[in-house]
Amino acid sequence: MSAETFRIGFLPLVDAALPILAHELGFAAREGINIELVRDMTWATVRDRLLYGHTDAAHMIAPLAIATALGRDRPAVPMAVPFVLGLNGNAVTFSTQLAQDVGLGETLGDPTVIGAALQRVAAERKIAGKPLRFGVVHRYSSHNYMLRYWLAGVGIRPDTHVDIVVTSPPFAADALAAGEVDGICVGEPWNSIAVERGVGHIALATAQIWRRGVEKVLAMREAVVEERRDAVEALLRALHAAAAHFVEPGTADESARILERPEYLDAPRDAVLRAITDHIRLVPGGEPIHYPDFMFQHREAANFPWRSQAAWLYSQMLRWDHIPYSAADAATAAAVFRPDIYRGALAGSGAPLPGASSKLEGGIDTPLGAGSVQGRLLLGSDRFFDGRAFDPDDIQGYLSDLP
Amino acid sequence: MRIAIIDTSTTRAAIISDGLREAGLDDLVLIDPAGPLVAQIEAATPEVVLINLENPSRDLLEDFFAMSRALARPIAMFVDQSDTEATFAAIDAGVSAYVVDGLSQQRIKPILDLAVRRFHAFSSLQRELDDAKNALAERAVIDRAKAILMKRRRIDEPEAYALLRGQAMSTNRRIAEIAEAIVTSDALLGDIE
């Protein structure tokens, strides 16, 4: 019997690591499956290939999977996210001019303090008739929602005080260099590339905005998951093993050597290696600083698709698309995340399996033991920078409290 | 019905617009890939936008369609779910399309079908061109290998060719491969007698 093949679409980003490593390091083969990787340059193309069967699964920005299931801007297609490929790993990078105007230091500053300085500059620029403009990688991206969450939280109203436009990751540094945008929120290595080209200065890691923000997911069409359930579970075990390997000390070099290759990221190995080891160079020529949990790929059951994460993304979709709350949509959005499949795949493996499928997001300050049906689960701080917490059962109450 | 064509290949854009024009659809706007994309679309006010699937500007474009207040009605991603076959064909060919919401299926399908045929025609042209280029390059290598053999073995051209062909047949390789090996080894070892 020949092994089942999964064609997996991806964009050249460090957090595409797990499917790439599962393929390259034999974790897929060990589970009796093949992975073929399909590289694209836009999320629209990754999504279209997935919807029309060019690929079986995709490395995808989480909100796009939810927007697709809800039929935002196009006919709805039922989607399933059985695995989270990582938390955070993005940064906000200012143009060197904006960094100077805001007075960014040589270390990562406090989001509230930087926000206050940014608010002053944003107001000046608005009065001068040249409002600040930020680039995010997609309308339905965690980058967009994290950036907006921070801006609104420090009194800068997106779309009113500042403009937010779309810039694909590989072109984000160019947009900064050309002065088309004053800042970008993008994944690695593209912030580092902007810094190395001398056109940007990293202001914040998105982990400073939400310490455990959901980032890329493995997205599939629900119909494909149902048809190929056993093979999908094998794929999840391969990805889970790749994630465990990825965070093991001493493996970063090998991972970076694989990821840098032209068929994957086609990016400088140094920048890739720094991101994997939670190091970021904030200013051109500066010493990279260590920011723990910059990228979060495995510990604390990070790969587990919490329905409450999907619900938070849905709440931000309502907030910024200005659409009314619908209980049916909220249920559809939360049900895109499939903890049931994750549990099915990893039952009996020893991996920690949370007992609940949903939790209060942003409610943990100091590491806390959590109920698990298997293994021991300890969850670290998952705070939002403004100290708010999100209760997935009260989306409307949460939204009415937000600035 | 105004149709805008956005393509990173200007040749393919020309092939598509020729096809549409032949079919009587002559309200066409070719978007200059080097110019400002959004401003050009805004000025064109198209009802249908054809774009190559792998165009790097698609995320930007979709954001513009979602946000745009300049266009009278929002533009939705084609195709209607009822005609998945046409959509599959389009994605396979590498075409993506956006249409003004509310345009009827009957009016759009012929455009998409035509675009798909033209995309395929472009691909096969490209292949023929590549094949022709390869054939030319191969012929040049074979000529050089023959010249090397003629000089070093003091034989004439038909004999040199027979030698190449014989070696190719007995080793089950292509003549061009044998010729390339000879040219390479001559470059490295040619001065050793």
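Residues numbered from 1 in each chain as written. Chains lettered and ligands numbered in written order. Predicted model: local features only at pLDDT ≥ 70, side-chain atom pairs only at ≥ 80, totals over all residues.

(A) Spotlight on the overall build of chain A. When its secondary structure is counted, chain A shows 17 helices and 18 strands. Rg of the C-alpha trace for chain A: 20 Å, near the compact-globule value of 22 Å for 403 residues, within the 12% margin. Expressed along its principal axes, the backbone C-alpha trace of chain A runs to roughly 65 × 45 × 40 Å. Expressed as a percentage of its 403 residues, the buried residues of chain A come to 55%. Contacts in chain A between residues far apart in sequence, at least 24 positions, make up 74% of those at least 6 positions apart. (Helix = DSSP H or I, 4+ residues; strand = E, 2+ residues; numbered from the N terminus. Rg over C-alpha atoms; globule rule 2.2 N^0.38 Å. Buried ≥ 20, exposed ≤ 12 C-beta atoms within 10 Å, placed from the backbone. Contact = placed C-beta atoms within 7 Å.)

(B) Structural view of the overall build of chain B. Across its full length, chain B holds 7 helices and 5 strands. When the elements of chain B are put in sequence order from the N terminus, they spell out β-α-β-α-β-α-β-α-β-α-α-α. With the C-alpha coordinates aligned to their principal axes, the bounding extent of chain B is approximately 80 × 30 × 25 Å. Here chain B, with 193 residues, has 32% of them falling under the buried criterion.

(C) Region of interest: the UniProt feature "domain: ANTAR" (unreviewed entry) in chain B. What UniProt calls "domain: ANTAR" (unreviewed entry) maps, in this numbering, to residues 122-183 of chain B. Between the end C-alpha atoms of residues 122-183 of chain B there is a gap of 35 Å, over a span that is 90% helix and 0% strand. (UniProt positions renumbered as here; feature names shortened; annotations may be inferred.)

(D) View of the domain arrangement of chain A. Residues and elements named next belong to chain A. Here chain A is partitioned into domain 1 (4-86 + 213-276 + 294-340), domain 2 (90-208) and domain 3 (350-401). The gap between the C-alpha centroids of domain 1 and domain 2 is 25 Å. On the domain 2 side, the residues contacting the 27 residues of domain 1 number 19 residues. Per-class residue counts for the side of domain 1 that touches domain 2 are 21 nonpolar, 3 polar and 3 charged. (Domains from an automatic or database assignment. Nonpolar A, V, L, I, M, F, W, Y, C, P; charged D, E, K, R; others polar.)

(E) Summary view of the pairing of strand β7 (residues 133-136) of chain A. All names here are of chain A. Relative to strand β8 (residues 163-166), β7 runs parallel, the two sharing 4 bridges. When the bridges of β8 are listed, Phe-134 appears paired with Ile-164. You can see the chain leave β7, run along helix α7 (residues 142-153) and come back into β8, and the turn it takes is right-handed. Note that β7 and strand β9 (residues 183-187) share 3 bridges and pair parallel. Residue Gly-135 lies in a different strand from β9, and its bridge partner there is Ile-184. (Pairing = 2+ DSSP bridges. Right-handed = clockwise from strand over helix to strand, strands pointing away.)

(F) Geometry of unusual backbone geometry. All names here are of chain A. Note that the residue after Glu-188, namely Pro-189, is joined by a cis bond; omega there is 10°. Its place among the elements puts Pro-189 in the loop between β9 and α9 (190-196). One non-glycine residue, Ala-301, adopts positive backbone phi at about 55°. You can see Ala-301 is positioned in the loop between β14 (295-296) and α14 (307-321). One non-glycine residue, His-322, lies in positive phi territory at about 55°. Secondary-structure assignment places His-322 in the loop between α14 and α15 (327-336).

(G) Geometry of the confidence of the model for chain B. All names here are of chain B. Chain-level pLDDT for chain B is 84 on average; 90% of the residues reach the 70-or-more range. When pLDDT is averaged over each element of chain B, strand β2 (residues 28-30) comes out on top at 94 and strand β4 (residues 75-77) at the bottom at 57. Scored as a complex, the prediction yields pTM 0.86 and ipTM 0.88. (pLDDT = per-residue confidence, 0-100.)

(H) Just the domain arrangement of chain B, in detail. For chain B, the assigned domains read domain 1 (3-127) and domain 2 (131-189). Centre-to-centre, using C-alpha coordinates, domain 1 of chain B lies 47 Å away from domain 2 of chain B.

(I) Molecular detail of the nonpolar core. Formed by 179 residues in total, the largest nonpolar core has its most connected members in Ala-65, Ile-66 and Ala-219 of chain A. Among the elements that make up this core, the one with the highest residue count is helix α11 (residues 229-246) of chain A (10 residues). With sequence-adjacent residues up to four places away left out, Ala-219 of chain A is seen in contact with Leu-50, Ala-57, Ala-58, Met-60, Ala-65, Met-79 and Val-81 of chain A. Judged by nonpolar contacts, the second largest core, of 7 residues, contains Ala-160, Ile-178, Ala-179 and Ile-182 of chain B. (Core = buried A, V, L, I, M, F, W, Y, C linked by C-beta atoms within 7 Å.)

(J) Representation of the packing of α11 of chain A against helix α16 (residues 339-346) of chain A. Residue and element names in this part refer to chain A. Look at α11 against α16: their axes get within 9 Å of each other, and the N-to-C directions meet at 75°. The angle between the axes of α11 and α16 places the two elements in the roughly perpendicular class. Contact with α11, carried on its side by Val-232, Glu-233, Leu-236, Arg-237 and His-240, involves Ile-341, Tyr-342, Gly-344, Ala-345 and Leu-346 of α16 and no other residues of that element. Split into classes, the residues belonging to the contact of α11 with α16 amount to 6 nonpolar, 2 polar and 2 charged. (Axes fitted to C-alpha atoms, helices over the stretch in contact; angles between N-to-C directions. Parallel < 35°, antiparallel > 145°, perpendicular 65-115°, else oblique.)

(K) Quick look at the sheet that holds strand β10 (residues 200-205) of chain A. Residues and elements named next belong to chain A. Reading across the sheet, the 5 strands line up as β8-β7-β9-β6-β10 and stay open at both edges, with mixed pairing between neighbours. With one partner strand each, in any of the chains shown, β8 and β10 form the two edges of the open sheet. This sheet shows a mean twist of 25° between the axes of neighbouring strands, independent of strand direction. Of the strands in this sheet, β6 (90-95), β7, β9 and β10 are in contact with helix α8 (residues 169-177), which crosses β9 at around 160°.

(L) Examining the packing of helix α3 (residues 43-51) of chain A against helix α3 (residues 58-67) of chain B more closely. For the pair α3 of chain A and α3 of chain B, interaxial distance at closest approach is 7 Å and the crossing angle is 90°. Here α3 of chain B runs roughly perpendicular to α3 of chain A, going by the angle between their axes. Judged by residue contacts, Trp-43, Ala-44 and Thr-45 of chain A of α3 of chain A engage Arg-58, Asp-59 and Glu-62 of chain B from α3 of chain B. Of the residues contributing to the contact of α3 of chain A with α3 of chain B, the split by class is 2 nonpolar, 1 polar and 3 charged.

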